[in-house]
Amino acid sequence: MRKKIIAGNWKMNTTPDEGVDLALKIYSFLSNYNLDQNCKVILGVPFTHIDRIIQKVDSSKIAIAAQNCSQFDSGAYTGEISVKMVKNLGANYIIIGHSERRQYFSENNELLAIKLRQCYNNNINPIYCCGETLSERDSNRHFEIVKEQIIESFKDISESEMLNTIIAYEPVWAIGTGRTATPSQAQEMHNYIRLIIKDLFNQIVADEVSILYGGSVNSANASELFKCADIDGGLVGGASLKPDDFINIIKSAK
Ligand code: PGA
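Rules behind the numbers
- Residues numbered from 1 in each chain as written.
- Predicted model: local features only at pLDDT ≥ 70, side-chain atom pairs only at ≥ 80, totals over all residues.
- Heavy atoms only, no water.
- Helix = DSSP H or I, 4+ residues; strand = E, 2+ residues; numbered from the N terminus.
- Rg over C-alpha atoms; globule rule 2.2 N^0.38 Å.
- Contact = heavy atoms within 4.5 Å.
- Areas by Shrake-Rupley, 256 points an atom, 1.4 Å probe, with all protein chains shown as cover.
- Lys, Arg positive; Asp, Glu negative; His and termini not counted.
- Charge placed at Lys NZ, Arg CZ, Asp CG, Glu CD.
- Near = heavy atom within 4 Å.
- Polar contact = N/O pair within 3.5 Å; in protein donor to acceptor, adjacent residues only side chain to side chain.
- Nonpolar A, V, L, I, M, F, W, Y, C, P; charged D, E, K, R; others polar.
- Phe/Tyr/Trp six-rings, centres within 6.5 Å; stacked < 30°, edge-to-face > 60°.
- Buried < 20%, exposed > 50% of the residue type's maximum accessible area, 1.4 Å probe, protein only.
- Expected span 1.5 Å × (residues − 1).
- Pairing = 2+ DSSP bridges.
- Axes fitted to C-alpha atoms, helices over the stretch in contact; angles between N-to-C directions.

> Any chance you could explain the overall build of the protein here in plain terms?
A count of helices and strands for the protein gives 12 helices and 8 strands. Scaling as 2.2 N^0.38, a compact globule of 254 residues should have a C-alpha radius of gyration of about 18 Å, and the protein matches this with 17 Å. Overall, the C-alpha framework of the protein stretches about 45 × 45 × 35 Å when taken along its three principal axes. Across the protein, every contact between residues at least 6 apart in sequence was considered, and the portion connecting residues at least 24 apart equals 73%. Of the roughly 11500 Å² of accessible surface on the protein, 48% is carried by carbon and sulfur atoms. Where the 26 positive side-chain charges of the protein centre and where its 30 negative ones centre are 4 Å apart.

Given below as structure tokens:
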């Protein structure tokens, strides 16, 4: 049975002090909450916060994700952070290919395939983001774009590596805009992504991979989205910075 996952993406927000406070608020809620065994909470925090938050929360309640990594192993790449470094701090996930990285840092599918390979080689689970822009949807190319992103990024990966991957469908037009995809638009794409995984691997793998929806998820729309058959939770940006909202989103995951 595939996992339900509620993942926060804090992006470049909060100082480490503020981040520890935010994580502790969510942790204190989870410490007294009977979270379904099949449900997982992940916080995607800035690199600078990982160590301090991991020291303060029990990883069985909150897992930590980095938001990016270098495509290189180690060496003369000033300012970069390797997967090994992230792993050594105790984080178990890395968000790969967020649309903001594609848009502002020119990350393309070819580069993302290398970053995914780094994750698998270091036993860290990628949360791979895909999704179309507004003009791509308006010109009815959204299926084609998402298929291309997945096929080009997931070249040469094994079945077990795919099973250690989380996919997040995040239509770019819905990120930070307050304009959420409707549950039927999201479900349609999630179902399509599962078909792509089936074609690349097989039905068993397709049925096991968690596919999260991201893009203006909030406490008002989460439960409708999470009820959809192929939506296994959310990657939450803005609302993950507000503890009460994020907690309500966690409560929507049943
Ligand atoms: P949002 O961001 O929830 O603020 O739209 C989602 C994301 O970028 O992962």
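Picking up where we left off.
> What should I look at first to understand the site of the ligand in this one?
Around the ligand, the structure places 13 residues, and the nearest of them are Lys-11, His-98, Glu-170, Gly-176 and Ser-216. Residue Gly-176 places a main-chain N or O atom 2.6 Å away from an oxygen atom belonging to the ligand. Residue composition of the shell around the ligand, by class: 4 nonpolar, 7 polar and 2 charged.

> Whenever I open this one, the packing of aromatic side chains confuses me. Can you help?
Each aromatic ring pair is characterised by the separation of its centres together with the angle its planes make. Considering all chains together, one arrives at 5 aromatic pairs under this definition. Measuring from ring centre to ring centre gives 4.9 Å for Tyr-128 and Phe-154, while their planes differ by 75°; the resulting arrangement is edge-to-face. Taken together, the residues span a long stretch of sequence, with Tyr-128 in strand 5 (residues 125–130) and Phe-154 in the loop between helix 7 (142–153) and helix 8 (159–163) at a distance of 26 residues. The pair Tyr-128 / Phe-154 is uniform in exposure class, with both members buried.

> Teacher, can you tell me more about helix 5 (residues 109–121) here?
Given 3.6 residues to a turn, an α-helix orients residues that are three or four positions apart in the same direction. Here helix 5 contains 13 residues, and its C-alpha end-to-end distance of 18 Å stays within 8% of the 18 Å for a straight helix at 1.5 Å per residue. Of all the residues in helix 5, the buried ones are Asn-109, Leu-111, Leu-112, Ala-113, Lys-115, Leu-116, Gln-118, Cys-119 and Tyr-120. Those residues of helix 5 that are buried lie in contact with helix 3 (83–89), strand 4 (93–96), helix 4 (99–104), strand 5, helix 7 and helix 8. Within two residues after helix 5, Asn-123 carries a phi angle of roughly 55°, on the positive side.

> Just checking my understanding: could you explain the sheet that holds strand 7 (residues 211–214) for this structure?
Hydrogen bonds between backbone atoms are what pair the strands of a sheet, whose relative direction is either parallel or antiparallel. If you walk around this closed barrel you meet the 8 strands as 1-2-3-4-5-6-7-8, and the pairing is parallel. Each strand axis lies, on average, 25° off the axis of its neighbour in the sheet, ignoring direction. In the sheet, strand 4 pairs with strand 5 via 4 bridges, with the strands oriented parallel. Counterpart to Tyr-93 in the pairing with strand 5 is Asn-125.

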